[in-house]
Amino acid sequence: MPTRQRESSITSCSSASSCDADDEGVRGTCEDASLCKRFAVSIGYWHDPYIQHFVRLSKERKAPEINRGYFARVHGVSQLIKAFLRKTECHCQIINLGAGMDTTFWRLKDEDLLPSKYFEVDFPMIVTRKLHSIKCKPPLSSPILELHSEDTLQMDGHILDSKRYAVIGADLRDLSELEEKLKKCNMNTQLPTLLIAECVLVYMTPEQSANLLKWAASSFEAAMFINYEQVNMGDRFGQIMIENLRRRQCDLAGVETCKSLESQKERLLSNGWETASAVDMMELYNRLPRAEVSRIESLEFLDEMELLEQLMRHYCLCWATKGGNELGLKEITY
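Conventions used here
Residues numbered from 1 in each chain as written. Predicted model: local features only at pLDDT ≥ 70, side-chain atom pairs only at ≥ 80, totals over all residues. Heavy atoms only, no water. UniProt positions renumbered as here; feature names shortened; annotations may be inferred. Phe/Tyr/Trp six-rings, centres within 6.5 Å; stacked < 30°, edge-to-face > 60°. Lys NZ or Arg CZ within 6 Å of the ring centre and 35° of its normal. Core = buried A, V, L, I, M, F, W, Y, C linked by side-chain atoms within 4.5 Å. Buried < 20%, exposed > 50% of the residue type's maximum accessible area, 1.4 Å probe, protein only. Helix = DSSP H or I, 4+ residues; strand = E, 2+ residues; numbered from the N terminus. Contact = heavy atoms within 4.5 Å. Pairing = 2+ DSSP bridges. Right-handed = clockwise from strand over helix to strand, strands pointing away. Polar contact = N/O pair within 3.5 Å; in protein donor to acceptor, adjacent residues only side chain to side chain.

Looking up the chain in an unreviewed UniProt entry gives the name Leucine carboxyl methyltransferase 1, with the organism given as Macaca mulatta. Here is the UniProt Sequence similarities (unreviewed entry) comment for the chain, exactly as written: "Belongs to the methyltransferase superfamily. LCMT family." We quote the UniProt Catalytic activity (unreviewed entry) comment for the chain here in full: "[phosphatase 2A protein]-C-terminal L-leucine + S-adenosyl-L-methionine = [phosphatase 2A protein]-C-terminal L-leucine methyl ester + S-adenosyl-L-homocysteine".

This is the structure we're talking about:
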């Protein structure tokens, strides 16, 4: 059936969304990240025609070091995702934990790089908002419907399930609920699986994040985990970051694991993962293709390179693998 006829075939039923007031500050970081990405895209840092459908363009100009930081984050995570997809020849699944308004699914579809299925998980309140945008905006809903085998797509307040894409409202601290909802949406534990967490684990207690990592390592025969978050948080700059977030009622409950690249790798290795690698974002920035660096540095003037370096030294990209020897997952690097 042509897409135009099927755009209206997303049906919805009302559902009460759960809301935990203690998590309000954490949910607010989703809005902050979306606004920053939207602004960086608007001035040409990277191409993303979908972010505009999820978040408005802020009137407030973001600082150049923030824009370059987001560019490095998006570029680094994207490179690792594509390396995993190449190794598995897209015969795999991706689970984006704490996905927020992320647009990776649509961008991978445009590049003909979709996995067998792409899952997103976040707080039910955030998922409800994302599903509203998908339902109301054909540029978002049409690509999902194109890949769906049914004429209609059932969606309630905090879940959407289709043949190639699912969005699930769940609390990552409740692993039994998480697993139940993923399996209901046809998660396949036999498929090579990539799990992604961007600034997610740091908002969980060390015990909670360890449990999530153990669950991920034990649930799939071959898997890879990508984690982007803070590092080197024991110095003065790190303390200022923590204090600024606390003033906004946002506590970094897992910050003790963010002491160093070594502590980040050790957490992964001690929770069931066989290999672990980590780089701070300044190192990643320095490894970017020179042509790309020249392009983005020409977009806007950065007064103090030292400020960019300070910021980038306090974020890192980590990745871990388990199994998948025949696929060469251990060979994946940035």
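### Some thoughts on the packing of aromatic side chains
Geometrically, a pair of aromatic rings is defined through the distance of the ring centres and the angle of the planes. Per the stated rule, a full pass over the model turns up 10 aromatic pairs. The structure contains a cluster of three or more aromatic residues connected by ring pairs, namely Tyr-50, Phe-54, Phe-105, Trp-106, Tyr-118 and Tyr-165. The positively charged end of Lys-130 is found above the aromatic ring belonging to Phe-54, 5.2 Å away from the centroid.

### A closer look at the nonpolar core
Ile-81, Trp-106, Ile-134, Tyr-165, Tyr-285 and Leu-317 are the most contacted members of the largest nonpolar core, which has 79 residues in total. Looking at which element gives the most residues to this core, the answer is helix α3 (residues 64-88), with 10 residues. If sequence neighbours within four positions are ignored, Trp-106 has contacts with Tyr-50, Phe-54, Lys-130, Ile-134, Pro-139, Leu-140, Pro-143, Ile-144 and Tyr-165. Counting 34 residues, the second-largest nonpolar core is a separate cluster that includes Ile-168, Leu-195, Met-204 and Cys-318.

### Considerations on the pairing of strand β7 (residues 193-198)
Judged by how many residues are buried, β7 sits mostly within the fold: 6 of 6 residues are covered. Here β7 shows two buried faces, one formed by Thr-193, Leu-195 and Ala-197 and the other by Leu-194, Ile-196 and Glu-198. Relative to β7, strand β2 (residues 93-97) is paired through 5 bridges, and the arrangement is parallel. Bridged to Ile-94 within β7 is Leu-194. Of the strand pairs in this sheet, β7 and strand β8 (residues 223-230) are connected by 6 bridges, and their pairing is parallel. When the bridges of β8 are listed, Ala-197 appears paired with Asn-227. As for the winding sense of the linkage, the β-α-β connection from β7 through helix α8 (residues 206-219) to β8 is right-handed.

### Re unusual backbone geometry
With a phi close to 70°, Asn-186 is a non-glycine residue in the positive phi region. The exposure class of Asn-186 is exposed, given its relative accessible area of 54%. Unusually for a residue other than glycine, Gln-249 sits at a positive phi of about 55°. Summarising the element assignment, Gln-249 is placed in the loop between α9 (236-247) and α10 (261-269). Since its relative accessible area comes to 63%, Gln-249 is described here as exposed.

### Details of the environment of Glu-274
Position of Glu-274 among the secondary structure elements: in the loop between α10 and β9 (275-280). With relative accessibility at 45%, the residue Glu-274 sits in the partly exposed group. Filtering out sequence-adjacent residues up to four positions away, Glu-274 remains in contact with Leu-269, Thr-321, Lys-322, Gly-323 and Lys-330. A polar side-chain atom of Glu-274 sits 3.1 Å from the main-chain amide nitrogen of Gly-323.

### Regarding the UniProt feature "binding site: S-adenosyl-L-methionine" (unreviewed entry) in the chain
The UniProt feature table records "binding site: S-adenosyl-L-methionine" (unreviewed entry) at Arg-73, Gly-98, Asp-171, Leu-172 and Glu-198. Maximum C-alpha separation among the annotated residues is 24.2 Å over a sequence range of 126 residues, too wide for a single clustered spot. Along the chain, the position of Asp-171 falls in the loop between β6 (165-169) and α7 (175-184). Not counting residues up to four positions away in its chain, the partners in contact with Asp-171 are Phe-123 and Glu-177. You can see Glu-198 is positioned in strand β7. Judged by its relative accessible area of 14%, Glu-198 falls in the buried class. Once you skip the residues sitting within four places of it in the chain, Glu-198 turns out to touch Lys-37, Arg-73, Val-77, Leu-97, Asp-102 and Tyr-228. Only 2.7 Å separates the side chain of Glu-198 from the side chain of Arg-73, close enough to count as a polar contact.

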